[in-house]
Structures are given as C-alpha cells and as structure tokens.
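Coordinate analysis (summary)
Spelled out from the first residue to the last, the chains are:
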Amino acid sequence: MSRPLVGTLATAVLGAAALVTGAAPAGAAPVGAAAHHKPTPPRVQAVDFAGTVALDDCSGSIVKMPTSQPDDPALVMTNGHCLETGMPDPGQVIVDQPSSRSFTVLDKSAGDLGTLTATKIVYSTMTDTDVTLYQTGSTYAQIEQQYGIEPLELSTDHPAKGAAITVVSGYWKKTYSCAVDDFVPTLKEGGWSWKDAVRYTPDCKTIGGTSGSPVIDNATGKVTAINNTGNESGGRCTVNNPCEVDENGNVTVHKGINYAEETYFIPKCFGAGNQLDLNGDGCALPKPSGVRR
C-alpha cells in the first residue's frame, strides 16, 4: 500500500525537487515532415493538480457525483488504508463517524491554497475496494468562491483497457502518466482482497505517499479509479507486495507493478445532497453489518 514508508521517506524528501513535475502533454503533435501524414490526435482534457488535496500521509481529491449540486457539502476521497484511525480490518465497513481531519487544497500548479476540514467519515473500507470518503464543512460553491477550485467528477463508466491515465499525487505534488494495462479479478495483499482492480502499465512508478491519488482518464478529465498499492519487492500476497488471483485461483506476481481500485460504481451509492445510500439502486459498495437491502 502506497503510504509513505519510513525507510523510503527520507530518500524521497531529499529528492523532492526532482520529483515535482507537471503532467506530460497528451497527444502532442509529432515533429518533422512526417507529421503531415499522420491523423490529428484526439483532443484530451488537460490534467493538473486542481481539485487534488494533500493529507498528512497520503494523497486525495475533492470529488463530486454526477448529481452533486453547488450547495452540497463537498466530499474528499482517499484510500481506506489512509484512514486516520487506522486501516479497516478485512470485512470491516465504517460509516458516519465524526472526523476533524484537515486537507491541504492545491491549485493547478500544486501550490498550497489553504485547508478544508472534515466533519465526518462518510464511508471507509478496505474490503472489495480501498476507499475513504469524508464530508467537509464547506460546500462546493464555497470552495470555488474561496479558492477558485472546482471538484473532480467521478466517472460512472468502467475504465477501458488501454486508456491513457494520469495519477495525480497531492502529497508529492507529482503526476504519473501511463495507461490501463488490464484488470485483475482479485488483488490480494495481506488479509485484504480487492475486486476488479486496475493494473497500470510500468510507466506509473508510484511510491509511498501516492495512496489515495485520483486516477484521471485523460480523455474525459474524470476520476476513473483511486491509486492504492504496488508490488515493491516481488513478495507473494504480502503487505506492500500484492498478488493477482485469476478466476481459477491461479496466483501471479508482478514485481514493480502498481495498481488502483475502480470508482465508477460509487456514485450509485449517493443520493440527493451527497448523502450516502448503501441501499440505493445498483450500489455495490460493501455494507456494514446491520445494513440490508
């Protein structure tokens, strides 16, 4: 899981200046006469840091659902394993718990604009997925008025194999550009298992502190997944060394490869006013005990 590790943090801090970069321009025109013989690449959304936040140990983003309104309380999304009270146990689902966690709001160039403060943990789990959603004390309209920042929208479409993506880390103020390599039926790490995970192509060499980063589909500018882990040393199904399990139970390890969890199904679990509704039509998020359809 991609939280900062004590063994790597000092090295990373020493090289922080080298890490800071902007997103590589997608679809740049080829150079030279041959360009005249190539088709015009499709237009893509510019990916920057606007809408992202930095946590004390992870990355995150201000997100909205397709149905969210300007006066709704703003939501911040990060990983389940970034929860300030500790990582949820396998099978554990946390809902509607008080929180006063703060988030540093970034501008499009990764400059610090100020802070947002949570009022509660809306939802958190590391079962089937790896996500925490906080409700803040500010509306989207208030954030835009104060900071000039609009939220990132969660896509309702399943990610596409081969799609160009950008992982935007507010913690490191760094972006990683690659593509969706494939989908993993079950990604297992320690006692946790995640369904239908996104495997990156090798270009996205995410590190500790990138946990919770939004994964942006370059073609739409929407959030298509949330960055969460990578196999660091070639271990098999251990913490920081997730393994892939196929439909037949076969286990595969890809050392140095990183992963994300899909988010397209999350909007179906939220109703009017950004209120969590785990009994909503099509909601596939795991439910805590006592919540039934």
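Values in this document were obtained by computation on a predicted structure and should not be read as measured data.

Calculation criteria
Residues numbered from 1 in each chain as written. Predicted model: local features only at pLDDT ≥ 70, side-chain atom pairs only at ≥ 80, totals over all residues. Heavy atoms only, no water. Disulfide = S-S within 2.5 Å. Helix = DSSP H or I, 4+ residues; strand = E, 2+ residues; numbered from the N terminus. Buried < 20%, exposed > 50% of the residue type's maximum accessible area, 1.4 Å probe, protein only. 1 Å grid on protein atoms, 1.4 Å probe; cavity = no way out; pocket = protein on both sides within 12 Å on 5 of 7 lines; lining within 4 Å. Points joined across faces, edges and corners; volume = space filled by probe spheres on them. Nonpolar A, V, L, I, M, F, W, Y, C, P; charged D, E, K, R; others polar.

Tallied over the entire structure, the rule returns four disulfides. A sulfur-sulfur distance of 2.1 Å marks the disulfide that ties cysteine 58 to cysteine 82. Between cysteine 58 and cysteine 82 the disulfide shows an S-S torsion of about -85°. By sign, it is left-handed. One end of the pair, cysteine 58, is in the loop between β1 (52-54) and β2 (59-64); the other, cysteine 82, is in the loop between β3 (73-78) and β4 (93-98), and 24 residues separate them in sequence. Like cysteine 58, the residue cysteine 82 is buried in the burial classification.

Next up on the list: the layout of surface pockets. A volume near 490 Å³ is recorded for the largest pocket. Around the largest pocket sit 23 residues that line it, and Glu150, Pro151, Leu152, Glu153 and Gly221 are the ones nearest its centre. Listed by contribution, the elements that provide at least two residues to the lining of the largest pocket are α3 (140-147) and β8 (152-153). It is α3 that provides the largest number of residues to the lining of the largest pocket, a total of three residues. Split by residue class, the lining of the largest pocket holds 10 nonpolar, six polar and seven charged.

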